[in-house]
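Understanding the architecture of this molecule
Given next are the chains, with one letter for each unit.
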Amino acid sequence: MQRPGRRSAGSLFEALVALQARLRAPNGCPWDREQTHQTLRSYLIEEAYEVLEALESGDDKKFQDELGDLLLQVVFHAELAREGGRFDISDVIEAIRSKLVRRHPHVFGKVHARTSADVLKNWEQLKAEERREEASPSQRQAKASSGSLLEGIPKTLPAVLEAYQLTRRAARIGFDWEDFAGLVAKLGEETAELRQAAGSADARRQEEEAGDLLFVAVNVARHLGVDPEIALKRANRKFAARFRAMEEAAARSGRALADVPRAEMEALWDAAKRRPELTRR
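Residues numbered from 1 in each chain as written. Predicted model: local features only at pLDDT ≥ 70, side-chain atom pairs only at ≥ 80, totals over all residues. Heavy atoms only, no water.

**What to know about the side chain of Arg169**
Let me state the cut-off plainly: Starting at the N terminus, helices and strands are each numbered in turn, a helix being any DSSP run of H or I of at least four residues and a strand any DSSP run of E of at least two. In this scheme, a residue with accessible area under 20% of its type's maximum is buried, one over 50% is exposed, and one in between is partly exposed, where area comes from a 1.4 Å probe on protein chains only. Contact between two residues is taken to exist if any of their heavy atoms lie within 4.5 Å; hydrogens are not considered.
Relative to the helices and strands, Arg169 is located in helix α9 (residues 159-171). Classification of Arg169 as buried rests on a relative accessible area of 5%. Discounting chain neighbours no more than four positions away, the residues touching Arg169 are Glu124, Lys127, Arg131, Leu149, Leu150, Glu151, Gly152 and Ile153.

Structure, rendered in structure tokens:
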């Protein structure tokens, strides 16, 4: 519902696109004019993570602002492409609009989907069909024998996200642990194998077993409906907050934490864990 006297989302978006074009114009902003797709890569990633942090904070104003920063990245990249004569923001919008219609045949077509699992299964099949249609003749021939469900997962993803995407794809067609108990047993199995590897002098085996344990841990999170990347981020923040509390406690006694005996470090850690404000971050 639009508030009285407020400009429509469409007109505001057009103004944003025009503003970014103005910044890129010959008499615009020197910094904006120097940017390329490559120089903006890190900003795109940073803004996405800042959106997640704002979402976790529960601060709607901050969440709103960070979503705007992320939207600007989309507009900026589209403007660079328009200048190069490749595509523009209208093409970007039309592409996602068409994709949403195409991938929701249970809403806009005659396909039936009773559950979200049915929707996801149909979604993966449609994505596979799209990849086949978009591939060149040589690519189609090379992939004809496989047509892997795992195609399209970016290899540049962080390892935790890649493991999450790989196993989530596999689970959509039923290749998954039947219950949580099976996963817990697998976690114990991998832990035992890592213990054995740790007692050997085989560094390659140690790396492999550590990777296997992390992979199962990702599956544990997925099976619980938890995003492992977000869960690990929270664990990181919790650790950092407690560690800083240890440093502050050591400083109050006139010492650096590095000078505190290990047994006392453990006591400081336990004290930090008991502080309610450091229990959940």
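**Concerning helix α11 (residues 203-223)**
Our working definition: Take the number of residues in a helix, subtract one, and multiply by 1.5 Å to get its expected span.
End to end, α11 covers 30 Å across 21 residues, agreeing with the expected 30 Å (1.5 Å per residue, within 8%). Residues of α11 that are buried include every one of Glu209, Val216, Val218, Asn219, Val220, Ala221 and Arg222, and no others. Along its buried surface, α11 packs onto α9, α10 (180-198) and α12 (228-252). Looking at the residues trailing α11, positive phi occurs at Gly225, about 80°.

**Considering the packing of aromatic side chains**
Our working definition: Only the six-membered ring of Trp is used, alongside the rings of Phe and Tyr, when aromatic pairs are assigned; centres must lie within 6.5 Å, and planes under 30 degrees apart are stacked while those over 60 apart are edge-to-face, with the rest tilted.
Enumeration according to the criterion identifies three aromatic pairs in this entry. Ring plane angle 45° and centroid distance 5.5 Å describe the contact between Phe239 and Trp269, whose orientation is recorded as tilted. You can see Phe239 sitting in helix α12 and its partner Trp269 sitting in helix α13 (residues 262-274), a full 30 residues away along the chain. A residue is classified by how much of its surface remains accessible, and Phe239, at 46% relative accessible area, is partly exposed. Residue Trp269 is classed as partly exposed on the basis of its relative accessible area, which comes to 21%. In textbook terms, an aromatic cluster arises when at least three aromatic residues are bridged by ring pairs, as seen for Phe239, Phe243 and Trp269.

**Let's talk about the pattern of salt bridges**
What counts is decided by this rule: Throughout this description, the term salt bridge denotes a Lys or Arg side-chain nitrogen within 4 Å of a carboxyl oxygen of Asp or Glu.
Enumeration according to the criterion identifies 11 salt bridges in this entry. Residue Arg24 is joined to Glu83 by a salt bridge in which the shortest nitrogen-to-oxygen separation is 2.6 Å. Within this pair, whereas Arg24 is found in helix α1 (residues 9-24), its partner Glu83 is found in helix α4 (residues 60-83), the two being separated by 59 residues in sequence. The class for Arg24 is buried, based on a relative accessible area of 12%. Here Glu79 makes a salt bridge to Arg82, at a shortest N to O gap of 2.7 Å. Pair noted here: Glu79 and Arg82 are both in helix α4, with a separation of three residues, about one helical turn. Salt bridges linked by common partners bring Lys186, Glu189 and Glu190 together as one network.

**So, the packing of α10 against α11**
The condition that has to hold: Note on method: axes are straight lines fitted to C-alpha atoms, helices fitted across the in-contact stretch only, with angles between N-to-C directions ranging 0 to 180 degrees. In what follows, roughly perpendicular refers to angles from 65 to 115 degrees, roughly parallel to angles under 35, roughly antiparallel to angles over 145, and oblique to any angle outside these ranges. In this scheme, a crossing is called left-handed if the near helix is turned counterclockwise away from the far one by less than a right angle; it is called right-handed if the turn is clockwise.
Where α10 contacts α11, the axes come no closer than 9 Å and their chain directions differ by 165°. The orientation of α10 relative to α11 falls into the category roughly antiparallel. The handedness of the crossing between α10 and α11 comes out as left-handed. Residues Phe180, Leu183, Lys186, Leu187, Glu190, Thr191, Glu193, Leu194, Gln196, Ala197 and Ala198 of α10 form the contact with α11, whose participating residues are Arg205, Gln206, Glu209, Ala210, Asp212, Leu213, Val216, Ala217, Asn219, Val220 and His223.

**Brief notes about the environment of Ala271**
Within the secondary structure, Ala271 sits in helix α13. Between the C-alpha atoms of Ala271 and Gly58, which are 213 residues apart in sequence, the distance is 27 Å.

**Some points on a nonpolar patch on the surface**
Rules: Any residue with relative accessible area above 30% and no salt bridge may belong to a patch, with like charges joined within 9 Å and the nonpolar Val, Leu, Ile, Met, Phe, Trp and Tyr side chains within 5 Å. Computed with the Shrake-Rupley method and a 1.4 Å probe, the accessible areas treat only the protein chains shown as cover for residues.
A surface patch of nonpolar side chains, about 320 Å² in accessible area, is lined by Phe180, Val184, Leu224 and Val226. Among the secondary structure elements, Val184 is positioned in helix α10.

**A word on the packing of α1 against α4**
Put simply, the test is: Under this grouping Gly is polar, as are all residues other than the nonpolar Ala, Val, Leu, Ile, Met, Phe, Trp, Tyr, Cys and Pro and the charged Asp, Glu, Lys and Arg.
Viewed as axis vectors pointing N to C, α1 and α4 meet at an angle of 60°, and their least axial separation amounts to 10 Å. One finds that α1 runs oblique with respect to α4. The element α1 and its partner α4 pack so that their crossing is right-handed. For the pair formed by α1 and α4, the contact residues are Phe13, Leu16, Val17, Gln20, Ala21 and Arg24 on the first element and Leu71, Leu72, Val75, Phe76, Glu79, Leu80 and Glu83 on the second. Considering only residue class, the contact of α1 with α4 consists of nine nonpolar, one polar and three charged.

**Description of the nonpolar core**
Heads up, the condition is: We define a nonpolar core as any set of buried Ala, Val, Leu, Ile, Met, Phe, Trp, Tyr and Cys residues linked to one another through side-chain atoms lying within 4.5 Å.
Ranked by size, the top nonpolar core spans six residues in total: Met246, Ala249, Ala250, Leu257, Val260 and Leu268. Of all the elements, α12 adds the most residues to this core, at three residues. In this structure Ala250 touches Arg255, Ala256, Leu257 and Val260, once residues within four positions along its chain are discounted.

**Digging into a negative patch on the surface**
The line we're drawing: As used throughout, the charge tally considers Lys and Arg to be positive and Asp and Glu to be negative, leaving His and the chain termini uncounted. Positions of charges follow a simple convention, taking NZ of Lys, CZ of Arg, CG of Asp or CD of Glu.
Residues Glu46, Glu50, Glu53 and Asp69 make up a contiguous surface patch of negative charge. Tallying contributions element by element places helix α3 (residues 41-57) first for the negative patch, with three residues. Relative to the assigned elements, Glu50 resides in helix α3. A relative accessible area of 33% places Glu50 in the partly exposed class.

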